[in-house]
Amino acid sequence: MIEIKNLSKTYLLGEIPVHAITDISVRINPGEFVAIMGPSGSGKSTLLNLLGCLDLPSSGTYFLEDFNIKSLKPNKLAEVRNKRIGFVFQNFNLLPRASALENVELPLIYGRIKNSRKIALEALKSVGLSERSKHRPNELSGGERQRVAIARAIVNKPAIVLADEPTGNLDTKTGKDIMDIFSRLNDEGTTIIIVTHERDIAGLTNRTIKMLDGNIDQDISRMELIP
Amino acid sequence: MLILDLFKMALRSLIANTMRTFLTALGMIIGVASVISMISIGEGARQQTLSTIEKFGTNIITIKPGRKKNRHVSSDTVKTLMLSDAEAIEKNIPLITGVAAQVYRSAQLKYGSKNTNTTVRGTGEQYLKLSNFTIERGRYFSKEEVRSIRKVAVIGSTVLKNLFGDSNAIGKKIKVSGNNYLIIGSTKPKGALSWFDPDDQIFIPVTTAQKRLFGLHHIQSIDVQAKKMEELEAIKKDIDLLLRVRHGIHEGEDSDFHVQNSSQWLNSWGDAAKTFTYLLGGIAGISLLVGGIGIMNIMLVSITERTKEIGIRMAIGAKKREIMEQFLIESVLISFIGGGLGILLGVIISQTVSKIGGWDTIVSTQSIILAFGFSVGIGIFFGFYPARKAANLNPIDALRYE
């Protein structure tokens, strides 16, 4: 469960403060499939980074499960990122010198989990890439790379997967495949939050949060529509 | 487990930049190699000097006339030491194995048409043993010959070569300052030190030298051999006491002679050589330091280059410490490789020097451990700042870095 209250984030761009998000409160329940939409500069990526514990809010509170994120020390935050959250990026962010399997294995290594190779291979298998495990990222197509990134995000079985424009660099067909994987993960009970600017992609989720100028403009849930 | 993975990651990134890694390690290679080869050359020179000095005997106490402070006063002008002093020492001092009184002058030797200038040393029958000379041919003179002031001579190998070439000298007569002396023996060569040649001298009975050759009443020095090194100090005290009584010196007055032992001389030579070794090692150590700075430089570049990678690692759960360890392992690995190759190169250099230069070099285990430990230490020291810089990056800033 995610619960944020009166969350704000202000950056300093040189000397000028930029209010990326201002006073946002939102609650996301376990098992939800959420799309965050909005024009660029609306604060959607900032919100996702805050949710992913990559960044800390300037004010307000953020509860992830039982953790009060603002009060956690850097090492504990690293552990939360490692165990509770899976992150998928627009540009995949794979380590170029490591094979697909090694990329997927990395969170397990940092989490000090045994049998990491076997578990990583299973994760790759679940995204349909087990036969490409020895390849390096530059030997894989965009869709394959993103599937490796998803395998890496889910390998530690996190409760929440955050994806920042996961289909942004992919063609429509591949993007659809990636979304299928997210849907399947969601069916298995993982909370999924996707930042996107594509209406089609957002349409595949159950709830759309629209942001504008650092605020939540609309919060439309389709849950009620489903009988 | 984790450390092994970090090690693998570090190794992979070093291999990915082979050229850069090699050039960085080269700084360490040169540093370590120069430390090892310089120390080996210095140490070789020290051992060589010491072993040469040791040829003259180390458990020898030397008594010279004149006060110790007046070191520069020639023992010629101070005539306080007598042959009877040497005899008294031999008779009264316990724990000694030999005494040899000496007078020496430079003189001209002549054999047939050949002549040479050399040192004529008048001394006792025990001198041979005390000075570590050995007879090559013939014999040394006896106590009886000393007592009866015989005109016999034992010649050093350099003199032998100068006057006789390869032919036999035993039984021949040479002229020393115009007087005939019978050659009864020759000594084995000891080998020259850089500053003087111990084989370029002849030995005659001290009494003969005093009375027939130089016309002296006094002697110039007395060498006393101790049975054991540990007893040197006690013997020195005894001699000091005995001679003060014999010379009628009152308490509180300075002695008119001084007693020193050769091991002190040896030590001070050894110390000087050690300083030389440290100096060489220190200069070489500077290049090690420069190598370390090279590592730091490359690590800083590498971290800037890999900021995004650091961000990714942090995003998937790497802790500060793990990022830091990864980069520290990299820098230590570079210095480790550099250290290893440096040792190899250092050993090769020192062996080449000893082969080509004919110099003794000694690669000591200590110098290897020192250089290697130092290089790994430098890897940690100079890797620490860049590694910490990497670890302190903010995840989101690192991730956004382009």
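These lines cover the structure that appears in this document, whether it is placed above or below. (Residues numbered from 1 in each chain as written. Chains lettered and ligands numbered in written order. Predicted model: local features only at pLDDT ≥ 70, side-chain atom pairs only at ≥ 80, totals over all residues. Heavy atoms only, no water.)

## A few points about the overall build of chain A
On a plain count of helices and strands, chain A comes out with seven helices and 10 strands. On C-alpha atoms alone, chain A measures out to a radius of gyration of 17 Å, which is about the 17 Å that the 2.2 N^0.38 rule sets for 227 residues. Each of the 227 residues in chain A was classed as buried or not, and the buried ones make up 52%. Sequence-distant contacts, at least 24 apart, represent 68% of the contacts inside chain A between residues at least 6 apart. Accessible surface computed for chain A: about 10,200 Å², of which carbon and sulfur atoms make up 51%. Seen as two clouds, the 30 positive and the 27 negative side-chain charges of chain A have centres 7 Å apart. (Helix = DSSP H or I, 4+ residues; strand = E, 2+ residues; numbered from the N terminus. Rg over C-alpha atoms; globule rule 2.2 N^0.38 Å. Buried < 20%, exposed > 50% of the residue type's maximum accessible area, 1.4 Å probe, protein only. Contact = heavy atoms within 4.5 Å. Areas by Shrake-Rupley, 256 points an atom, 1.4 Å probe, with all protein chains shown as cover. Lys, Arg positive; Asp, Glu negative; His and termini not counted. Charge placed at Lys NZ, Arg CZ, Asp CG, Glu CD.)

## Things to note about the interface of chain B and chain A
Taken together, the contacts link 27 residues of chain B with 25 residues of chain A. The contact between chain B and chain A buries some 2,500 Å² in all, and 58% of this surface belongs to carbon and sulfur atoms. Looking at the side of chain B facing chain A, the largest losses of area belong to Arg12, Ile316 and Lys319 of chain B, adding up to 25% of the total buried there. Taken together, the links from chain B to chain A amount to three salt bridges. (Buried area = accessible area lost by both parts, 1.4 Å probe. Salt bridge = Lys/Arg side-chain N within 4 Å of Asp/Glu carboxyl O.)

## Quick look at the pairing of strand 8 (residues 201-205) of chain B
Residue and element names in this part refer to chain B. With five of five residues buried, strand 8 is to be regarded as a mostly interior element. Pairing between strand 3 (residues 114-123) and strand 8: five bridges, direction parallel. Along strand 8, the bridge assignment pairs Thr119 with Gln201. Sheet analysis places strand 5 (residues 152-155) next to strand 8, joined by two bridges and oriented antiparallel. Bridge assignment links Ile155 to a residue of strand 8, and that residue is Ile202. (Pairing = 2+ DSSP bridges.)

## Thoughts on the layout of surface pockets
What the second largest pocket holds in volume is close to 510 Å³. Taken together, 29 residues form the lining of the second largest pocket, with Leu94, Leu95, Pro96, Arg97 and Ala98 of chain A sitting closest to its centre. Of all elements in the fold, only helix 3 (100-110) of chain A together with helix 1 (2-16) and helix 10 (307-315) of chain B reach the threshold of two or more residues within the lining of the second largest pocket. For the lining of the second largest pocket, the per-class residue count stands at 10 nonpolar, six polar and 13 charged. (1 Å grid on protein atoms, 1.4 Å probe; cavity = no way out; pocket = protein on both sides within 12 Å on 5 of 7 lines; lining within 4 Å. Points joined across faces, edges and corners; volume = space filled by probe spheres on them. Nonpolar A, V, L, I, M, F, W, Y, C, P; charged D, E, K, R; others polar.)

## Here we look at the sheet that holds strand 7 (residues 160-164) of chain A
All names here are of chain A. The strand order 6-7-8-3-9-10 describes an open sheet built from six strands, whose pairing is mixed. Only two strands of the sheet have a single partner each, and these edge strands are strand 6 (85-88) and strand 10 (215-221). Adjacent strand axes in the sheet meet at a mean angle of 15°, parallel and antiparallel pairs treated alike. Pairing of strand 6 with strand 7, which is carried by four bridges, proceeds in the parallel orientation. Paired with Phe87 across the two strands is Leu162, which belongs to strand 7. Sitting on the sheet, helix 6 (residues 172-187) is in contact with strand 3 (33-37), strand 6, strand 7 and strand 8 (191-195), with an inclination near 150° to strand 8. (Axes fitted to C-alpha atoms, helices over the stretch in contact; angles between N-to-C directions.)

## A closer look at the environment of Asn215 of chain A
Residue and element names in this part refer to chain A. By secondary structure assignment, the location of Asn215 is in strand 10. You can call Asn215 partly exposed: its relative accessible area is 32%. Between the C-alpha atoms of Asn215 and Thr205, which are 10 residues apart in sequence, the distance is 21 Å. The residues touching Asn215, leaving out its near neighbours within four places in the chain, are Thr22, Asp23, Ile24, Ser42 and Lys210.

## Some thoughts on the sheet that holds strand 5 (residues 67-68) of chain A
All names here are of chain A. Strand order in this open sheet of four strands is 2-1-4-5, and the pairing throughout is antiparallel. Two strands lie at the open edges of the sheet, namely strand 2 (16-28) and strand 5, each paired on one side alone. Judged from the two bridges that link them, strand 4 (residues 59-64) and strand 5 form a sheet pairing that is antiparallel. Bridge assignment links Leu64 to a residue of strand 5, and that residue is Phe67.

## Regarding unusual backbone geometry
Glycine aside, a negative phi is what most residues show, and trans is what most peptide bonds show. In this structure, Glu165 of chain A takes a positive phi of about 50° despite not being glycine. Inspection of the secondary structure assignment puts Glu165 of chain A in the loop between strand 7 and helix 6. Positive phi values are uncommon outside glycine, yet Ile149 of chain B reaches one of about 55°. Structurally, the position occupied by Ile149 of chain B is in the loop between helix 5 (143-147) and strand 5. Residue Ile149 of chain B is classed as partly exposed on the basis of its relative accessible area, which comes to 21%.

## A few points about the pattern of salt bridges
A full pass over the atoms with the stated rule returns 25 salt bridges over all chains. In this structure, Glu32 of chain A and Arg207 of chain A form a salt bridge, with 3.0 Å as the shortest nitrogen-oxygen distance. Taken together, the residues Glu32 of chain A in the loop between strand 2 and strand 3 and Arg207 of chain A in strand 9 (residues 207-212) connect sequence positions 175 residues apart. A single burial state applies to Glu32 of chain A and to Arg207 of chain A, both of which are buried. The salt bridge involving Glu105 of chain A is made with Arg117 of chain A; its shortest N-O contact spans 2.8 Å. Taken together, the residues span a long stretch of sequence, with Glu105 of chain A in helix 3 and Arg117 of chain A in helix 4 (residues 116-126) at a distance of 12 residues. In this structure Glu105 of chain A comes out as buried when scored by relative accessible area, which is 5%. We classify Arg117 of chain A as partly exposed; its relative accessible area is 41%. What you see here is one network of salt bridges that share partners, running through Arg97 of chain A together with Arg306, Glu309, Arg313 and Glu330 of chain B.

## Things to note about the packing of aromatic side chains
Residues and elements named next belong to chain B. Going through the model one piece at a time under the given rule, you end up with seven aromatic pairs over all chains. A centroid spacing of 5.6 Å and a plane angle of 40° characterise the contact between Tyr127 and Phe203, whose relative ring orientation is tilted. Taken as a pair, Tyr127 in helix 4 (residues 127-130) and Phe203 in strand 8 lie far apart in primary sequence, 76 residues in all. The pair formed by Tyr127 and Phe203 is uniform in burial state, with each residue classed as buried. Here a set of aromatic residues connected by ring pairs shows up, and it is made of Tyr127, Phe133 and Phe203. Its end group placed over the ring of Phe214, Arg105 keeps NZ or CZ at 5.5 Å from the ring centre. Over the aromatic face of Phe133 sits the side chain of Lys190, whose NZ or CZ is 4.2 Å from the ring centroid. (Phe/Tyr/Trp six-rings, centres within 6.5 Å; stacked < 30°, edge-to-face > 60°. Lys NZ or Arg CZ within 6 Å of the ring centre and 35° of its normal.)

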